[in-house]
2 protein chains.
Amino acid sequence: MESKQLGHVQLLIMQVLWHRDRATAREITDAINGTEPIAHSTVQTMLRVLEDKMAVAHEPQGRTFVFFPLVTESEFRQSATQDFVERIFGGSASGLVAHLLKSDSVSSGEIAAIRRLIEQQAADSSGRNKNRRNES
Amino acid sequence: MESKQLGHVQLLIMQVLWHRDRATAREITDAINGTEPIAHSTVQTMLRVLEDKMAVAHEPQGRTFVFFPLVTESEFRQSATQDFVERIFGGSASGLVAHLLKSDSVSSGEIAAIRRLIEQQAADSSGRNKNRRNES
DNA sequence: TGATTAGATTTAGTCAGTTAAACGACAGGT
DNA sequence: ACCTGTCGTTTAACTGACTAAATCTAATCA
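The structure reproduced in this document is the subject of the present report. (Residues numbered from 1 in each chain as written. Chains lettered and ligands numbered in written order. Predicted model: local features only at pLDDT ≥ 70, side-chain atom pairs only at ≥ 80, totals over all residues. Heavy atoms only, no water.)

With that settled, consider helix 4 (residues 73-89) of chain B. Counted at 1.5 Å a residue, the expected span for helix 4 of chain B with its 17 residues is 24 Å, and the 23 Å between its end C-alpha atoms agrees. The complete set of buried residues in helix 4 of chain B reads B:Phe76, B:Ala80, B:Thr81, B:Phe84, B:Val85, B:Ile88 and B:Phe89. Buried residues of helix 4 of chain B, viewed axially, fall in a sector of 155°; they line one side. Residues of helix 4 of chain B that are buried sit in contact with helix 1 (8-20), helix 4 (73-89) and helix 5 (93-102) of chain A together with helix 1 (8-20) and helix 5 (93-102) of chain B. Just beyond helix 4 of chain B, the residue with positive phi is B:Gly90, at close to 55°. (Helix = DSSP H or I, 4+ residues; strand = E, 2+ residues; numbered from the N terminus. Expected span 1.5 Å × (residues − 1). Buried < 20%, exposed > 50% of the residue type's maximum accessible area, 1.4 Å probe, protein only. Arc of directions from axis to C-beta. Contact = heavy atoms within 4.5 Å.)

Below is the structure:
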């Protein structure tokens, strides 16, 4: 279960696909070129690599290919986060959060948002034996 | 500010150094070999690379070198976390925490620990209005 | 039809990380 | 003085992530 990791360009491609659900190589290239320069052939090469990794697949549409993700962003974040916590914080998720809270590079707004999340979570778990109600 | 990122072996080496403060190449090799096989010369090569990156430095001691870290674990975690949040969660630290809280792979014990951290933080910041207070 | 265009594929080269053998220097023991 | 083990250095090879030109292929246009 190794090498699930994506390189920079690979991640950019996946992000475009997650955002649009499906896209041609050309559309992906154009989308990326909106923020940073990349050659079309590079994108195509990386799409092939991503296909080998089973992160995306393609389907002919007219005379071109349409690519779509095989992995959801949430799934990817899941394994990327697990990897990261394992590597950098020895598996301690709370160690990571402690670091975030101490960190000057996390804005006070973000910290407030984090606190809200925790309170939310606390509220949820107090009434968790029943099936949970969602109020938007 | 270029590639501050460390490879797998590089990280193992740094972890040994953070743990012991100073160590010879041989000691590092032995420490790593406690958990996974690595050739001594590989460690030496990586130490050279880490030295180029200014992550470690060495000092002659007797007729061998003693290596020591130039970067603290905390500093490293700082930049690694910042990078990670930027790449995977689009810069949103709260997005990361939200993910951790939802994640099945984080134990309830860890989640409780995280909640405790937040409460702690809240207590801290109530007595901290000297530096700056947030708008909440 | 022949030229242009646009997509897909092949090929090739860089760079970082890793791996480790080979090599040279030198202290300590015999 | 010589052998040997340990040390650091040099060199080489291999992989994965990129990068992109060159090339092939099929459709479209003048």
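Attention now goes to the side chain of A:His40. All names here are of chain A. Tracing the chain through its elements places His 40 in helix 3 (residues 40-52). There is a polar contact of 2.7 Å between the side chain of His 40 and the side chain of Thr 29. Setting aside residues up to four positions removed in sequence, His 40 forms contacts with Ala 25, Arg 26 and Thr 29. (Polar contact = N/O pair within 3.5 Å; in protein donor to acceptor, adjacent residues only side chain to side chain.)

This paragraph deals with the protein's contact with DNA strand D. Around DNA strand D, the structure places 19 residues, and the nearest of them are A:His8, A:Val9, B:Arg26, B:Thr64 and B:Phe65. The sugar-phosphate share of atoms of DNA strand D within 4 Å of the protein amounts to 61%. Here B:Arg26 contributes a side-chain N or O atom positioned 2.9 Å from a phosphate oxygen of DNA strand D. Of all elements in the fold, only helix 1 and helix 3 of chain A together with helix 2 (25-33), helix 3 (40-52) and strand 3 (64-69) of chain B reach the threshold of two or more residues within the surface near DNA strand D. Tallying contributions element by element places helix 3 of chain A first for the surface near DNA strand D, with four residues. Of the residues in the surface near DNA strand D, the class split is six nonpolar, nine polar and four charged. (Near = heavy atom within 4 Å. Nonpolar A, V, L, I, M, F, W, Y, C, P; charged D, E, K, R; others polar.)

Before going further, it helps to examine the pairing of strand 2 (residues 56-61) of chain B. Residue and element names in this part refer to chain B. With six bridges joining them, strand 2 and strand 3 adopt antiparallel strand pairing. Considered in strand 3, the bridge of Gln 61 is made with Thr 64. Between strand 2 and strand 3, which pair antiparallel one after the other, the connecting turn spans two residues, and Gly 62 there sits at a positive phi close to 65°. (Pairing = 2+ DSSP bridges.)

A few words on the pattern of salt bridges. Residue and element names in this part refer to chain A. Applying the stated criterion across every chain, the model contains four salt bridges over all chains. Here Arg 22 ties to Glu 59 by a salt bridge, and the two come within 3.0 Å at their closest N and O atoms. A residue pair is termed long-range when its members are at least 10 positions apart, and Arg 22 in the loop between helix 1 and strand 1 (23-24) and Glu 59 in strand 2 (residues 56-61) qualify at 37 residues. (Salt bridge = Lys/Arg side-chain N within 4 Å of Asp/Glu carboxyl O.)

This next bit is on the protein's contact with DNA strand C. Of all residues adjacent to DNA strand C, which total 18 residues, the nearest are A:Thr64, A:Phe65, B:Gly7, B:His8 and B:Val9. The protein-proximal atoms of DNA strand C, defined as those within 4 Å of the protein, are 60% sugar or phosphate. At 3.1 Å from a phosphate oxygen of DNA strand C is found a side-chain nitrogen or oxygen belonging to A:Arg26. One of the side-chain N or O atoms of B:Thr45 is found 3.1 Å from a base nitrogen in DNA strand C. Where the surface near DNA strand C is concerned, the elements lending two or more residues are helix 3 and strand 3 (64-69) of chain A together with helix 1 and helix 3 of chain B. Counted by class, the surface near DNA strand C contains five nonpolar, nine polar and four charged residues.

This paragraph deals with the relation of the copies chain B and chain A. Taken as rigid bodies, chain B and chain A are interconverted by a rotation of 180° and an axial shift of 0.0 Å, the fit giving an RMSD of 0.1 Å. Given the turn and translation reported, the copies of this chain are related as if by a two-fold rotation axis. With an isologous cut-off of 70% or more, the 95% of interface residues of chain B that recur at the interface of chain A puts this contact in the isologous class. (Least-squares fit on C-alpha atoms with pLDDT ≥ 70 in both.)

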